[in-house]
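Given next are the chains, with one letter for each unit.
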Amino acid sequence: MNRLNKLFQDKKDALLSIYFTAGYPNLNSTLDITEAVEKAGADFIEIGFPYSDPLADGPVIQHSSHIALQNGMNLKVLFQQLKDLRKRVSIPVLLMGYVNPVLQYGVANFCDSCSEVGVDGVIVPDLPMYEYENLYKDNFIKNKLSNIFLVTPQTSEERIRKIDHLSNGFIYLLSSSSTTGKNLTVSNEADAYFSRIRDMQLKNPTMIGFGISDVKSFNKAAEYTRGAIVGSAFVKFLDTENAMERIPEFIRSIRP
Amino acid sequence: MNREFIKSSVKWGVSKEGYFGDFGGAYIPEMLYPNVEELRKRYLDIIYEPGFQDEFQMLLRDYVGRPSPLFHAERLSAKYGTTIYLKREDLNHTGAHKINNTIGQILLAERLGKKRIIAETGAGQHGVATATVCALKGLECVVYMGEVDIARQAPNVARMKMMGAKVVPATSGSKTLKDATNEAMRDWINNPVDTHYIIGSVVGPHPYPDMVSRFQSIISEETKLQLMERTGSENPDIVIACVGGGSNAMGMFYHFLDDEDVRLIAVEAAGLGVNSGESAATTALGKEGVLHGSRSILMQTEDGQVIEPYSISAGLDYPGIGPQHAHLFKENRGEYVSATDEEAMIAGRLCAELEGIIPAIESAHALAHLEKMVFTGKESVVICLSGRGDKDLDTYMNYFNL
């Protein structure tokens, strides 16, 4: 059991996770932001590692990835920055990014490095289930890493069952099929989709991501799942004045 | 077309899992999965339906103008001292091989019940071919095109608009083909139900590389028949084609893959020189990795970031190659070489002067390789003249001060 599994087991309230891009706005801001987000009360953190061609992302995260790469961020630098992670941060931390940088770093090396610095899970949206299961799963299990899969309103029940079977942390529900940074649509269709997943009684808990930016959307997500993930809204916030000092204010604007 | 004729090579074709050797697969986020999976499940059944085949063949004949001629280029042959044939894809409606694939995919999209078509384009040839078939079928069409390419391919932008397509500039990254492809994929993620994405090359997640190859395989299918009629043998000694993503090359190679005494030569764009830092010679500069949904060979940093390519030819300005090409390269079934901007421009002008054919700068890369070959005089060589040079007149004019 890793920190993430323990969190889902122990905490009963709605969970809030914050995503941001490593190396943005400054190369060395990664660990400071991680620490500040924990102090402000978030339950876990997703640190994005940047990629040149982030095709599942909207303009906000495309921009932060671009700046992070210009700042010199890459996986080697990130793992170097995270070597003191567990001296400063105790909540679960996940890494999120695209598969090609992971392949170049080496999947086995990547999983080892995650474990060495105290990362609990990984989200690689373009790593297919087939390749994960047949080539890489053992590296994840050996290092007690949760591999997080995504589900959209179009994902079939059969596939959700398979994802549930392969998952060991939580399942990431996309509020709609979209790139990052769109608003959560509160509609009958969305309600039907979230209810359908809830009624499947999966073995893994679920979280809703994509489109969570305020109290209303957070509460909506928490009605159906264990909580929500805020990404684009936080990355956009980091670009505002005195953002570092105002992180608690941002967290309250999502979960008062 | 029948199941016998368009059959996939057992040795070089796609596996059940969507791989060509080590390459291919479907490295896509879940948001794209239902669309790609629907295609994967249905593409073969649909394209082998008799109704589909009849309509596809009719449109290729009456609308595209196929078969495209196989032309014996006598003056080029005399210059290089061997027998050279040009497969005249430049004579197709819309001026390039791209329309073979868009005709196939629009018929597929219709049968999938899609109402809206999106596409990416580099030189604009695929965009034009897509806008064309959308006009033909009365479907909405959105084409993503890099801002840089919009500027250097103005006539094609105008052609797309004239046929009612919306051209959306891709403003991220190098603002060329790679970025247009990213934008098209984002559009597809955001429009998962009513939209079909017509990918223009043999790239992207499975089944695109295999599907596009099959639609382009008409090039080598015809070439075999034409050579047989002309020479009594259906195989040439050498086949040459240019490669960006690699769709005309895959179509030109397709029916020769299993005839292993036929040399297959793929010419990439070296830009200002393979080692100049301004190049698109993927097999020379690239490593294995994942780009646009498949595992292939791509130009990338040690950290796995995609390197911006460069070529004078917008259609070859791409940092990857299709997964089947990566397989042919790795297994040495194909010879992957390159030609610089300068070599291609000179070869393009030479073809115009000797044969009265102005080739697209993309195709001129294939012609440029003739300069580097040594012939005994007995070879027959087929070069895929994938497109015509009208769209490139500005570039030719500036380059040669015409």
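Residues numbered from 1 in each chain as written. Chains lettered and ligands numbered in written order. Predicted model: local features only at pLDDT ≥ 70, side-chain atom pairs only at ≥ 80, totals over all residues. Heavy atoms only, no water.

### Examining the overall build of chain B
Turning to step 1, where the next piece is worked out: Regarding its fold elements, chain B presents 16 helices and 14 strands.
Turning to step 2, where the next piece is worked out: Compactness check: chain B gives a C-alpha radius of gyration of 19 Å against a globular reference of 21 Å for 402 residues, within 12% of the reference.
Turning to step 3, where the next piece is worked out: Its C-alpha atoms put chain B at 55 × 45 × 40 Å along the principal axes.
Turning to step 4, where the next piece is worked out: Taking all 402 residues of chain B together, the buried fraction comes to 67%.
Turning to step 5, where the next piece is worked out: For chain B, restricting intrachain contacts to residue pairs at least 6 apart in sequence, the fraction spanning at least 24 positions comes to 74%.
Turning to step 6, where the next piece is worked out: Carbon and sulfur atoms form 51% of the exposed surface of chain B, whose accessible area is close to 13500 Å².
Turning to step 7, where the next piece is worked out: Measuring between centres, the 39 positive side-chain charges of chain B sit 3 Å from its 53 negative side-chain charges. (Helix = DSSP H or I, 4+ residues; strand = E, 2+ residues; numbered from the N terminus. Rg over C-alpha atoms; globule rule 2.2 N^0.38 Å. Buried < 20%, exposed > 50% of the residue type's maximum accessible area, 1.4 Å probe, protein only. Contact = heavy atoms within 4.5 Å. Areas by Shrake-Rupley, 256 points an atom, 1.4 Å probe, with all protein chains shown as cover. Lys, Arg positive; Asp, Glu negative; His and termini not counted. Charge placed at Lys NZ, Arg CZ, Asp CG, Glu CD.)

### A few points about helix H11 (residues 215-224) of chain A
Residues and elements named next belong to chain A.
Turning to step 1, where the next piece is worked out: When we look at burial in H11, the residues that qualify are Ser-217, Phe-218, Lys-220, Ala-221 and Tyr-224. The arc that holds every buried residue of H11, seen down its axis, measures 160°, which confines them to one face. Exposed side of H11, more than 90 degrees from the buried face: Lys-216 and Glu-223 are the residues found there.
Turning to step 2, where the next piece is worked out: Of the surrounding elements, those touching the buried residues of H11 are strand S1 (15-21), helix H10 (188-199), strand S8 (206-209), strand S9 (227-230) and helix H13 (247-254). (Arc of directions from axis to C-beta.)

### Regarding the pairing of strand S6 (residues 140-146) of chain B
Residues and elements named next belong to chain B.
Turning to step 1, where the next piece is worked out: When you tally the buried positions in S6, you get six out of seven residues, the bulk of the element.
Turning to step 2, where the next piece is worked out: Judged from the six bridges that link them, strand S5 (residues 116-121) and S6 form a sheet pairing that is parallel. Bridge pairing links Thr-121 to Met-145 in S6.
Turning to step 3, where the next piece is worked out: Traced from S5 through helix H5 (residues 125-137) to S6, the parallel crossover comes out right-handed.
Turning to step 4, where the next piece is worked out: Both S6 and strand S7 (residues 166-170) contribute to a ladder of five bridges, which runs parallel. Bridge assignment links Val-143 to a residue of S7, and that residue is Val-167. (Pairing = 2+ DSSP bridges. Right-handed = clockwise from strand over helix to strand, strands pointing away.)

### Section: the sheet that holds S7(B)
All names here are of chain B.
Turning to step 1, where the next piece is worked out: Reading across from one edge, S7-S6-S5-S8 is the order of the four strands in this open sheet, with parallel pairing throughout. Both edges of this open sheet fall to S7 and strand S8 (195-197), since each of them pairs with a single strand only. Taking the axes of each pair of neighbouring strands and ignoring which way they run, one obtains an average angle of 25° across the sheet.
Turning to step 2, where the next piece is worked out: Relative to S8, S5 runs parallel, the two being bridged by three bridges. (Axes fitted to C-alpha atoms, helices over the stretch in contact; angles between N-to-C directions.)

### Considering the packing of aromatic side chains
Two aromatic rings, taken as a pair, are described by how far apart their centres are and by the angle between their planes.
Residues and elements named next belong to chain B.
Turning to step 1, where the next piece is worked out: Following the criterion strictly, the structure yields 27 aromatic pairs over all chains and no others.
Turning to step 2, where the next piece is worked out: Aromatic side chains Phe-329 and Tyr-336 sit 5.7 Å apart centroid to centroid with 85° between the ring planes, which places their arrangement in the edge-to-face category.
Turning to step 3, where the next piece is worked out: Overall, the relative accessible area of 28% leaves Phe-329 in the partly exposed class.
Turning to step 4, where the next piece is worked out: Using a relative accessible area of 12% as the deciding quantity, one classes Tyr-336 as buried.
Turning to step 5, where the next piece is worked out: Here the basic side chain of Lys-79 rests over the ring of Tyr-80, its NZ or CZ set 5.3 Å away from the ring centre.
Turning to step 6, where the next piece is worked out: Above the ring of Phe-400, the side-chain terminus of Arg-349 is found at 4.7 Å from the ring centroid. (Phe/Tyr/Trp six-rings, centres within 6.5 Å; stacked < 30°, edge-to-face > 60°. Lys NZ or Arg CZ within 6 Å of the ring centre and 35° of its normal.)

### What about the sheet that holds strand S9 (residues 238-242) of chain B?
All names here are of chain B.
Turning to step 1, where the next piece is worked out: The sheet built from six strands is open, its strands ordered S3-S4-S14-S9-S10-S13 with mixed pairing. Every interior strand has two partners, whereas the edge strands, strand S3 (70-72) and strand S13 (334-340), have only one. Pairs of neighbouring strands in the sheet enclose a mean axial angle of 25°, with direction left out of account.

### Examining the pattern of salt bridges
Residues and elements named next belong to chain A.
Turning to step 1, where the next piece is worked out: For the coordinates displayed, the defined rule picks out 47 salt bridges over all chains.
Turning to step 2, where the next piece is worked out: Where Asp-32 meets Arg-88, a salt bridge forms, and the shortest distance between an N and an O atom there is 2.8 Å. With Asp-32 in helix H2 (residues 30-39) and Arg-88 in helix H5 (residues 85-88), this residue pair connects regions lying 56 residues apart in the sequence.
Turning to step 3, where the next piece is worked out: Residue Asp-32 is classed as partly exposed on the basis of its relative accessible area, which comes to 37%. (Salt bridge = Lys/Arg side-chain N within 4 Å of Asp/Glu carboxyl O.)

### Considerations on the environment of Pro54(A)
Turning to step 1, where the next piece is worked out: With respect to the helices and strands, the residue Pro54(A) is situated in the loop between strand S2 (44-48) and helix H3 (59-70).
Turning to step 2, where the next piece is worked out: Separated by 141 residues in sequence, Pro54(A) and Ser195(A) have C-alpha atoms that sit 30 Å apart.

### Some thoughts on the nonpolar core
Among soluble globular proteins, nonpolar side chains are generally buried collectively.
Turning to step 1, where the next piece is worked out: Grouped together as the largest cluster of nonpolar side chains are 184 residues, with contacts concentrated most on Leu95(A), Phe170(A), Tyr172(A), Phe234(A) and Phe253(B).
Turning to step 2, where the next piece is worked out: Three or more residues apiece are contributed to this core by two domains, here domain 1 (19-62 + 98-212) and domain 2 (67-95 + 217-400) of chain B.
Turning to step 3, where the next piece is worked out: Dropping the residues within four chain positions of it, Phe253(B) is found in contact with Ser220(B), Val239(B), Ala241(B), Leu264(B), Ile265(B), Ala266(B), His325(B), Leu328(B) and Tyr336(B). (Core = buried A, V, L, I, M, F, W, Y, C linked by side-chain atoms within 4.5 Å. Domains from an automatic or database assignment.)

### Focus: the interface of chain B and chain A
Frequently, the measure chosen for interface size is the accessible area that the parts lose on association.
Turning to step 1, where the next piece is worked out: Between chain B and chain A, the residue contacts involve 36 residues of the former and 38 residues of the latter.
Turning to step 2, where the next piece is worked out: Area buried by chain B at its contact with chain A is led by Glu30(B), Met31(B) and Arg186(B), which between them contribute 22% of it.
Turning to step 3, where the next piece is worked out: One can count three salt bridges joining chain B with chain A.
Turning to step 4, where the next piece is worked out: Of the charged contacts, one joins Glu302(B) and Lys76(A) as a salt bridge, the two residues approaching to 3.0 Å between their closest N and O atoms.
Turning to step 5, where the next piece is worked out: At the boundary of chain B with chain A, the tally comes to 19 residue pairs in polar contact (both at pLDDT 80 or more).
Turning to step 6, where the next piece is worked out: At the level of elements, helix H1 (33-47), helix H8 (177-190), strand S11 (287-291) and strand S12 (294-298) of chain B are the ones that each hand at least two residues to the side of chain B that touches chain A.
Turning to step 7, where the next piece is worked out: The leading source of residues in the side of chain B that touches chain A is H8(B), at eight residues.
Turning to step 8, where the next piece is worked out: Of the residues belonging to the side of chain B that touches chain A, the class tally is 17 nonpolar, eight polar and 11 charged. (Buried area = accessible area lost by both parts, 1.4 Å probe. Polar contact = N/O pair within 3.5 Å; in protein donor to acceptor, adjacent residues only side chain to side chain. Nonpolar A, V, L, I, M, F, W, Y, C, P; charged D, E, K, R; others polar.)

### Here we look at the packing of helix H4 (residues 98-111) of chain B against H5(B)
Residue and element names in this part refer to chain B.
Turning to step 1, where the next piece is worked out: It is the contact of H4 with H5, at a shortest axis distance of 9 Å, that shows an interaxial angle of 40°. The angle between the axes of H4 and H5 places the two elements in the oblique class. Relative to H5, H4 is oriented so that their crossing is right-handed. On H5, the residues that touch Lys-98, Ile-99, Asn-101, Thr-102, Ile-103, Ile-106, Leu-107 and Glu-110 of H4 are Gln-125, His-126, Ala-129, Thr-130, Thr-132, Val-133, Cys-134 and Lys-137.
Turning to step 2, where the next piece is worked out: For the contact of H4 with H5, the per-class residue count stands at seven nonpolar, six polar and three charged. (Parallel < 35°, antiparallel > 145°, perpendicular 65-115°, else oblique. Left-handed = near helix turned anticlockwise from the far one by under 90°.)

### Concerning the domain arrangement of chain B
All names here are of chain B.
Turning to step 1, where the next piece is worked out: What the domain assignment lists for chain B is domain 1 (19-62 + 98-212) and domain 2 (67-95 + 217-400).
Turning to step 2, where the next piece is worked out: Inter-centroid distance (C-alpha atoms) of domain 1 to domain 2 is 22 Å.
Turning to step 3, where the next piece is worked out: With 40 residues of domain 1 at the interface, the matching set in domain 2 holds 39 residues.
Turning to step 4, where the next piece is worked out: Summing the contributions of domain 1 and of domain 2, the shared interface buries around 3200 Å²; its carbon and sulfur component is 59%.
Turning to step 5, where the next piece is worked out: In terms of surface lost to domain 2, no three residues of domain 1 exceed Phe-23, Tyr-27 and Lys-178, which account for 21% of the buried area on that side.
Turning to step 6, where the next piece is worked out: Across the domain 1-domain 2 interface, the total number found is two salt bridges.

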